[in-house]
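Architecture and fold: a report
What follows is each chain in one-letter form.
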Amino acid sequence: MRVRVIGVGTPHGDDAAGLALAARLQAAGLPEGVRVVSCQRPGVDLPDVLAGADAAVLVDAMRSGRAPGSVARLAPDALPLLRSVSSHGLGVANGLALAEALGRRPRRLALVGIEGVGGEGDALSPEVRGALDVAAVLVRSLVDELLADAASGRD
Amino acid sequence: MAERRTIEVGALARVEGEGALHVAIEDGAVAELRLDIYEPPRFFEAFLRGRSVTELPDLVARICGICPVAYQMSTVHALESAFQVEVHPQVRALRRLYYAGEWLESHLLHMMFLAAPDYLGLDDGIAVARDHRAEVERALRLRALGNRILVLLGGRPVNPVGVCIGGFHRAPSRQELADLGDELRRARGEAEALLHWFRGLPVPVRPQPLELVALRHADEYPMNEGRVVSSDGLDAVAHEFDQAFEEHQVPHSTALHSRIRGRGAYLVGPLARVWLNRERLSPTARAALDSLGSRFAQPDPAASVFARGIEVLEAIDEAIRVIDAYEPPPPPPGWSPRAATGHGATEAPRGLLYISVTSDARGEVEEIRIVPPTAQNQACIEQDLRGLVPTVLDRPHDETRRACESAIRDYDPCISCSVHFLDLTVERRSPCGCG
């Protein structure tokens with residue numbers, strides 16, 4: 001079972017939430033078979049990042065109207081909430097659709113959003129910085145869930 | 001009574017930024033045509049004033065998510081010329097490698113995801129991936145190599161931070177580059193196969209008289225250095241840019257239009273570079289150009305996709321050449337600021353990017369001017385469309401609109417650079433109400 005945890009974002013204020021979380025999870029260590037990667041250009045790079053993965057947890061900043069710093073597991077139809085500041089309109093939704101067209105979208109995929117508020121320059125806002133612990137716990141539990149599903153043969 | 005109709009494209013897709021096209025046709029002739037660029041002004045030139053020149057390479061990288069290297073390169077060349085900084089030959093070579101990485105990324109993104117859907121009659125790159133999986137995977141593999149080069153030298157793929165006046169903050173080891181070199185050698189065949197695939201697609205043909213402008217270097221395919229030359233005999237150096245070109249404002253665009261003084265619109269970009277530097281292409285790239293002979297018999301903006309494919313080969317060959325001869329350079333030299341103006345002109349993926357910077361004696365920016373390629377191409381795009389529209393008016397409205405959009409995409413406009421892009425409105429007005 002190969003699991004990817006993908007932190008999506010760009011080094012701009014709260015849009016870096018996914019990158020910051022990936023760095024934190026990487027430092028903390030994850031179970032065998034789980035690889036943490038960061039992805040700054042999801043629209044085109046997600047197929048490569050997802051190649052060979054059986055399951056994935058994707059974390060990105062979102063703009064959903066929730067309170068700043070809220071952490072939520074999102075349903076696949078909530079994809080447009082993941083903040084796309086990419087050029088040419090190539091965001092996470094595009095990247096996942098491209099991965100699917102290329103047969104690289106894993107059957108098990110969980111999405112996690114962290115509500116952004118802005119942030120200044122390269123720095124995360126205090127709200128998002130304060131949300132990283134909660135987000136890390138949620139991602140760990142999703143990873144455990146994916147591993148348990150695989151172990152028990154559930155879909 | 002005159003028949004008047006209007007074509008409106010309210011929001012152009014698959015271009016970078018926000019813009020629109022408005023065309024009014026009267027008695028079958030184009031009465032009015034505007035490439036509206038309504039991207040809000042970004043004021044980079046204003047808010048960079050007063051910043052330290054040492055911050056500039058990182059700050060200008062934020063102008064564009066697709067071509068940050070170009071902004072960094074034109075800026076450091078301008079500053080190095082202002083402060084008389086000598087650049088080590090290996091730094092010069094590394095900069096060519098860095099630029100090759102950006103060309104690979106930008107060209108492959110455009111060819112496969114922005115342009116190919118037009119030739120295949122598909123909506124987007126995802127549909128192309130569904131129908132032509134092997135080709136899309138090939139383009140992604142090639143593009144990933146460009147990405148690796150950018151990360152190696154720039155530190156990160158978005159808003160890279162590796163460049164400083166005189167060199168790079170960190171020079172890669174020989175081993176880091178050697179691994180990449182092996183992969184690039186294997187990629188050459190893939191790039192040839194990709195170009196071959198594009199040759200088989202129904203790419204439009206739209207030859208027209210055009211003044212082409214690009215850098216030309218004594219013996220290299222141009223990236224960072226060379227004279228600014230044109231197909232009609234212009235020959236200038238970077239600091240003569242203002243004597244050769246003029247910028248002017250038009251009401252429908254938040255980006256300035258450019259023209260050659262005393263003449264008019266001109267084209268910058270891969271087509272102009274290939275055209276003006278054929279004999280400086282690598283043997284592989286040159287062979288690819290020769291095999292496309294008829295597409296390069298006359299300037300044709302629609303053939304830009306082939307020029308990009310040729311430059312993908314050129315970028316791979318150049319990257320291999322730099323890597324094979326690489327020795328890590330010494331740390332960047334010391335330098336002192338002085339009150340001076342420097343000029344830099346380098347070849348962004350979309351064409352010539354001119355930047356001039358005036359520093360004060362303490363190294364604070366007094367003035368910076370940025371003339372991006374898409375801004376320079378605006379007048380040329382409008383001229384091209386004025387010729388195209390009458391030839392496609394008899395088609396159903398959607399097809400007319402699509403032909404216009406596709407023609408605009410031939411220029412791979414980057415509107416967020418030029419300020420951002422495209423809504424197309426094609427209005428067909430007629431008194432009889434038939435339009």
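Use the structure listed above.
This text gives an overview of the structure that appears in the document.

The rules behind each value
Residues numbered from 1 in each chain as written. Chains lettered and ligands numbered in written order. Predicted model: local features only at pLDDT ≥ 70, side-chain atom pairs only at ≥ 80, totals over all residues. Heavy atoms only, no water. Phe/Tyr/Trp six-rings, centres within 6.5 Å; stacked < 30°, edge-to-face > 60°. Helix = DSSP H or I, 4+ residues; strand = E, 2+ residues; numbered from the N terminus. Buried < 20%, exposed > 50% of the residue type's maximum accessible area, 1.4 Å probe, protein only. 1 Å grid on protein atoms, 1.4 Å probe; cavity = no way out; pocket = protein on both sides within 12 Å on 5 of 7 lines; lining within 4 Å. Points joined across faces, edges and corners; volume = space filled by probe spheres on them. Nonpolar A, V, L, I, M, F, W, Y, C, P; charged D, E, K, R; others polar. Pairing = 2+ DSSP bridges. Axes fitted to C-alpha atoms, helices over the stretch in contact; angles between N-to-C directions. Contact = heavy atoms within 4.5 Å. Expected span 1.5 Å × (residues − 1). Core = buried A, V, L, I, M, F, W, Y, C linked by side-chain atoms within 4.5 Å.

Now for the packing of aromatic side chains. Residue and element names in this part refer to chain B. All told, the structure shown has eleven aromatic pairs over all chains when counted by the stated rule. Summarising the aromatic geometry, the rings of Trp 103 and Tyr 221 are spaced 6.1 Å apart at their centres and angled 90 degrees between planes, so their arrangement reads as edge-to-face. Of the two residues, Trp 103 is situated in helix 4 (residues 89-120) and Tyr 221 in the loop between strand 6 (213-216) and strand 7 (227-230); the sequence distance between them amounts to 118 residues. The pair formed by Trp 103 and Tyr 221 is uniform in burial state, with each residue classed as buried. When the ring of Tyr 119 is compared with that of Phe 198, the centres are 6.5 Å apart and the planes differ by 85 degrees; the resulting orientation is edge-to-face. Taken together, the positions of Tyr 119 in helix 4 and Phe 198 in helix 7 (residues 174-199) put the pair 79 residues apart, joining distant regions of the chain. In this structure an aromatic cluster arises from ring pairing among Phe 241, Phe 245, Tyr 266 and Tyr 354.

For the rest of this paragraph, the subject is empty space enclosed by the protein. Residues and elements named next belong to chain B. In this structure, the largest cavity encloses a volume near 60 Å³. Together, Leu 267, Val 268, Gly 269, Pro 270, Leu 271, Ser 304, Arg 308, Arg 350, Asn 377, Asp 410 and Tyr 411 line the largest cavity. Elements with a contribution of two residues or more to the lining of the largest cavity: helix 9 (270-276) and helix 11 (304-324). Tallied by class, the residues present in the lining of the largest cavity amount to five nonpolar, three polar and three charged.

A word on the sheet that holds strand 4 (residues 71-74) of chain A. Residues and elements named next belong to chain A. Spatially, five strands are ordered 2-1-3-5-4 in an open sheet, and the strand pairing comes out mixed. Two strands close off the open sheet at either side, each with one partner strand: strand 2 (34-39) and strand 4. Each neighbouring strand pair of the sheet contributes to a mean axis angle of 20 degrees, computed without reference to strand direction. Direction of pairing for strand 3 (residues 55-62) relative to strand 5 (residues 108-115): parallel, over a ladder of eight bridges. Each bridged residue has a counterpart across the sheet, and for Met 62 the counterpart in strand 5 is Glu 115. Those strands touched by helix 2 (residues 42-50) are strand 1 (3-8), strand 2 and strand 3, and its axis lies near 160 degrees from that of strand 1.

As a further point, take the sheet that holds strand 7 of chain B. Residues and elements named next belong to chain B. Strand order across the open sheet formed by three strands is 6-7-8, with antiparallel pairing between neighbours. Strand pairing shows two members of the sheet lacking a second neighbour, strand 6 and strand 8 (235-236), which therefore form its edges. As paired elements, strand 7 and strand 8 share two bridges and run antiparallel to each other. Of the residues in strand 8, the one forming a bridge with Val 229 is Asp 235.

All names here are of chain B. Between the first and last C-alpha of helix 3 (residues 68-83) there are 23 Å, a value that for 16 residues agrees with the 22 Å anticipated at 1.5 Å per step. Here helix 3 lies mainly inside the structure; 15 of its 16 residues are buried. Among the residues trailing helix 3, Gln 84 stands out with phi positive, at a value near 55 degrees.

Moving on, we come to the nonpolar core. Generally speaking, a soluble globular protein has its nonpolar side chains buried in company with each other. B:Met112, B:Phe198, B:Phe296 and B:Ile310 are the most contacted members of the largest nonpolar core, which totals 130 residues. When residues in this core are grouped by element, the largest group, 16 residues, is from helix 4 of chain B. If we skip the residues at most four places from it in the chain, B:Phe198 touches B:Met111, B:Met112, B:Ala116, B:Tyr119, B:Val203, B:Val305 and B:Phe306. If you look at the next biggest cluster of nonpolar residues, it comprises 27 residues, including A:Leu19, A:Ile114, A:Leu132 and A:Ala135.

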